[in-house]
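Observations on the model geometry
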Amino acid sequence: MADKREKWILMAVLPFIAVLLLAVWSVKPRVDEVRTIDSKAGTWDLAAAGFEQSAVRLDGDVEYVPDALLSPEEFSRRGDIRAGQPGDETQYATSRMRLIMPRGSYLICGYSVDFASRMYVNGELLFEAGAPGDSRETARPGVKFFVLPVSPDENGEIVIVQQASNFIHKDGGSYGHFYIGTPEQIDQYISRNLWPEVILMGVYLVLFVVHLILYLMMRNYKPNLLFALFCLTWFVRTGVTGQRLLDVILPKLPWVVLFRLEYLTMPLSGILLVWLLYLIFPGVLQKWFSLAASILCGAVAVLDVFASTLLISYTAVWRVVLLGVIALYFFVRLILRWRRPAAEQAAVLSGFAFLVFAAVWDMCYHRDVFLLPALRFAISEVAMAVFVLFAMTAMFFGTMREVRMAREREERMAAEKAAAEELARLKGEFYTDLSHEMKTPLTVMVANAEFAARNIRAGAIDEETGVDLDAIAAEGRRLAKLVNGLVNLNRMRDKGAQDTVVSLAELTEETARTYKALAEKQGSRLSVEIESGLPAVNGNADQLAQVVINLLANAGRHTRDGVITVSLRRESGRLRLEVADTGDGISPEILPHIFDRFCRGDESGTGLGLAICREIIENHGGKIDIQSDMGKGTTVWFTLPVIGE
């Protein structure tokens, strides 16, 4: 019932989360909101670009000189200027962009070329990220987001000369791909790119703190710890990609640290995710696979910490392949072992489904195919946020289940404590009753033994000595009966006894047949009346036979030259068994206490037989009762529920 209610909550909450995050992400500028203008041989004619309407994205070829780091003046004097883009094989170069602009003040923004650059605008050095060099030893890497105020010169041109070098990554950066517009347009563009990522980082950080606290409060539920670390990992990853907010928060953080963190977050995410799936989907991922995947991801993580950045950059594709293989294996195992998922499993699977959808969406987007024209932006980053929030919902349900289980454990412990206290009380009563019941026969035995011993020592063995010894023997037999009754009571309470399907009719008939000869020796007649076609009951055959024997023995002990009747019939969904006799009956003073331990109608019994019968019948879900008239006889009956009713 609880799981069904949780799934209804999921159906309401998860779509709301996805729509909310897509709404947040839709704040980012769409491709149709910023016009893209291509160059002609390194020159952009923006005189009629209409900056009053939108900003412009600069794309296309630049002028460049490979294997040279030149000032604007030196670049102008070179005779080997090329048009195009320096390829990845070019490790350092200088490029130039000419923008023909209408009069006014503008801003240029974008990311510097990977992975060290220096930028001159109209001959003035305005920006530097790292330090370009002509060798690995002289170059100092760095990547930054820049916003530069620019204005056209007297010729109506903005000339951008950029030096760049890359000795630490397999891919070279693109020259160009900047955004230019009025200060208001660029400020709005930057804000719309910035705030969704700020919100995502805030969400990841809050979830990390919340689930870490939940884990510290309930350490039995380890998914909270794994999920907290997963959120922290994606807080860091969001901060070192996109707008690189972590570089803004920690401006003195070395570039190489940011680079390594960007790559390191992928294998760490793989390790955390595989164990999270292992715990949330028990039986789907084997432990050996989770260990193997963790070792592989751990090896990649060690590479990210200690290897050169160039080597790390060559592993980018392989780490994606590794994570893809883990995800594929999980889905195959999930399909092979499919069963209806619990609420938290459904939430995680929904998040995975959204990630797959986002991958398809982005492949179409990068090929200018828009599945929904109103949403023209990539959604992989927001899809990960959706997955995290879906997983958060799963953690919530898992935590609530853990809380319920903890409460149930507390209630069970309280019940066990109360039961232990009740057992201690009953044990005290038992020992008190036992000492009282055993005290009398032991006193008699000691006194008679002393009398007999005294007579034997005096050589005066007479009839009185025999009487004393007979008394000792009689009391010994009574003690033996008492001990035997206690043993039977302990066996009856044994929880290891197995219940089976019992035909009470057959059991009654066999027991009565065994007892019939004993009844006849006492001059009594045993009558058996069993209704035909009676259903079976569920119980322990030995214990139920003991009840019937005890009732017949009691009837026989108090009946001489009379009739003992055993009857079994169906009555309102139960079987009713009666043992009636025409014997002495029970006195009214004893009758209300006849089922209490050590309550005896005469000195021949132990006072445990009917107590044992009552406990057996009540443990079988039945009821037992007695009716008796002095001098007329006694009737004892019990009822048991039949199977299936």
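**As for the environment of Phe357**
- In this structure, Phe357 sits in helix H10 (residues 343–365).
- Separated by 26 residues in sequence, Phe357 and Ala383 have C-alpha atoms that sit 8.6 Å apart.

**Thoughts on the pairing of strand E3 (residues 56–59)**
- Bridge count between strand E1 (residues 35–38) and E3: four bridges; the pairing is parallel. Pairing of Ile37 across the sheet is with Leu58, part of E3.
- Summarising the sheet, E3 and strand E12 (residues 179–181) pair through two bridges and their orientation is antiparallel. Bridge pairing in E12 places Val56 opposite Ile180.

**Some thoughts on the sheet that holds strand E10 (residues 145–150)**
- If you walk across this open sheet you meet the five strands as E1-E3-E12-E7-E10, and the pairing is mixed. Because the sheet does not close on itself, it has two edges, and the strands there are E1 and E10. Each adjacent strand pair in this sheet contributes to an overall mean axis angle of 25 degrees, direction not counted.
- Strands in contact with helix H3 (residues 183–217) are strand E7 (106–111), E10 and E12; relative to E7, the strand with the most contacts, it is inclined by about 25 degrees.

**Here's the deal with the pairing of strand E9 (residues 124–129)**
- Sheet topology note: the strand E8 (residues 117–121)/E9 ladder contains five bridges and is antiparallel. Considered in E9, the bridge of Met119 is made with Phe127.
- What sits between the antiparallel neighbours E8 and E9 is a turn of two residues, in which Asn122 has the positive phi angle 50 degrees.

**Concerning the packing of helix H4 (residues 223–240) against helix H6 (residues 255–280)**
- Put simply, H4 and H6 touch, their axes get as near as 9 Å, and they point 155 degrees apart. Classified by the angle between their axes, H4 and H6 sit roughly antiparallel to one another. Handedness of the crossing formed by H4 with H6: left-handed. Between H4, through Pro223, Leu226, Phe227, Leu229, Phe230, Thr233, Trp234, Val236, Arg237 and Val240, and H6, the contact on the second element is made entirely by Leu258, Leu261, Glu262, Thr265, Met266, Leu268, Ser269, Leu272, Leu273, Trp275, Leu276 and Leu279.
- Here the contact of H4 with H6 is built from residues that sort into 17 nonpolar, three polar and two charged.

**A word on the packing of aromatic side chains**
- Under the defined criterion, the tally for this structure stands at 17 aromatic pairs.
- Ring centres 6.5 Å apart and planes at 70 degrees place the aromatic pair Trp288 and Tyr329 in the edge-to-face group. With a gap of 41 residues between them, Trp288 in helix H7 (residues 287–306) and Tyr329 in helix H9 (residues 316–336) connect regions that are remote in the sequence.
- Feature note: the residues Phe115, Trp255, Phe259 and Tyr263 constitute an aromatic cluster, connected by ring pairs.
- One residue, Arg244, lies across the ring of Tyr111, its end atom 4.8 Å from the ring centre.

**Focus on helix H14 (residues 541–557)**
- Helix length check: H14 (17 residues) gives 24 Å between terminal C-alpha atoms against 24 Å at 1.5 Å per residue, within 8%.
- Of the residues making up H14, those classed as buried are Gln543, Leu544, Ala545, Gln546, Val547, Val548, Asn550, Leu551, Leu552, Ala555 and Gly556.
- For H14, the N-terminal cap is Asn540; the gap from its side-chain oxygen to the backbone nitrogen of Gln543 is 2.9 Å.

Conventions adopted
- Residues numbered from 1 in each chain as written.
- Predicted model: local features only at pLDDT ≥ 70, side-chain atom pairs only at ≥ 80, totals over all residues.
- Heavy atoms only, no water.
- Helix = DSSP H or I, 4+ residues; strand = E, 2+ residues; numbered from the N terminus.
- Pairing = 2+ DSSP bridges.
- Axes fitted to C-alpha atoms, helices over the stretch in contact; angles between N-to-C directions.
- Contact = heavy atoms within 4.5 Å.
- Parallel < 35°, antiparallel > 145°, perpendicular 65-115°, else oblique.
- Left-handed = near helix turned anticlockwise from the far one by under 90°.
- Nonpolar A, V, L, I, M, F, W, Y, C, P; charged D, E, K, R; others polar.
- Phe/Tyr/Trp six-rings, centres within 6.5 Å; stacked < 30°, edge-to-face > 60°.
- Lys NZ or Arg CZ within 6 Å of the ring centre and 35° of its normal.
- Expected span 1.5 Å × (residues − 1).
- Buried < 20%, exposed > 50% of the residue type's maximum accessible area, 1.4 Å probe, protein only.
- Polar contact = N/O pair within 3.5 Å; in protein donor to acceptor, adjacent residues only side chain to side chain.

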